[in-house]
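Chain and residue survey
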Amino acid sequence: MSKPNTRRLDREIQQATRKLEAARERELWPLTGAEKRAVLSAATGGAIKIVRGKAPTRAERNLERAWSGAERRLSAEVSALEKERDRIIADAAKDKAGKKSSGWW
């Protein structure tokens, strides 16, 4: 029996990891529509506060909350894909061990 085919999952894990790194670098492309909206509205609210000469503390908190939520979602996605890959490998190993243990008897 050969190795389990995990190429598709490996590619998805790699893509999700790239998205996570991009989110950590504060790039907008990996975010969902709702996350983009939250980030942009918090940034806009902070800019308005600055122009009016007020402290943008609430907008900064909202912005940080939006980014951390996106990072949390993407890291959960990566970990779920890695768990699925581990499960597939473990199932293949269990099947292989079951076939070997039956022996030639």
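Everything quoted here is computed from the prediction, not taken from an experiment.

Another aspect to go through is helix 2 (residues 33–51). Here helix 2 spans 27 Å end to end across 19 residues, near enough to the 27 Å set by a 1.5 Å rise per residue. Restricting attention to buried positions, one finds in helix 2 the residues E35, V39, A42 and G46. Down the axis of helix 2, the smallest arc covering the buried residues is 65°, so these residues share one side. Facing away from the buried side of helix 2 by more than 90 degrees, the exposed set consists of R37 and V51. Where helix 2 terminates, the next one or two residues include G53, which has phi positive at roughly 80°.

Here T32 lies in the loop between helix 1 (7–24) and helix 2. Judged by its relative accessible area of 34%, T32 falls in the partly exposed class. Sequence separation of T32 and R61 is 29 residues, and the distance between their C-alpha atoms is 19 Å.

With that out of the way, let us pick up a positive patch on the surface. Taken together, the side chains of K49, R52, K54, R58, R61 and R65 define a basic patch exposed on the protein surface. Of note, K54 is situated in the loop between helix 2 and helix 3 (57–102).

The rules behind the values
- Residues numbered from 1 in each chain as written.
- Predicted model: local features only at pLDDT ≥ 70, side-chain atom pairs only at ≥ 80, totals over all residues.
- Heavy atoms only, no water.
- Helix = DSSP H or I, 4+ residues; strand = E, 2+ residues; numbered from the N terminus.
- Expected span 1.5 Å × (residues − 1).
- Buried < 20%, exposed > 50% of the residue type's maximum accessible area, 1.4 Å probe, protein only.
- Arc of directions from axis to C-beta.
- Patch = residues over 30% accessible without salt bridge, like charges linked within 9 Å, V, L, I, M, F, W, Y side chains within 5 Å.
- Areas by Shrake-Rupley, 256 points an atom, 1.4 Å probe, with all protein chains shown as cover.
- Salt bridge = Lys/Arg side-chain N within 4 Å of Asp/Glu carboxyl O.
- Lys, Arg positive; Asp, Glu negative; His and termini not counted.
- Charge placed at Lys NZ, Arg CZ, Asp CG, Glu CD.

Everything listed here is a matter of geometry and, on its own, says nothing about what the molecule does.
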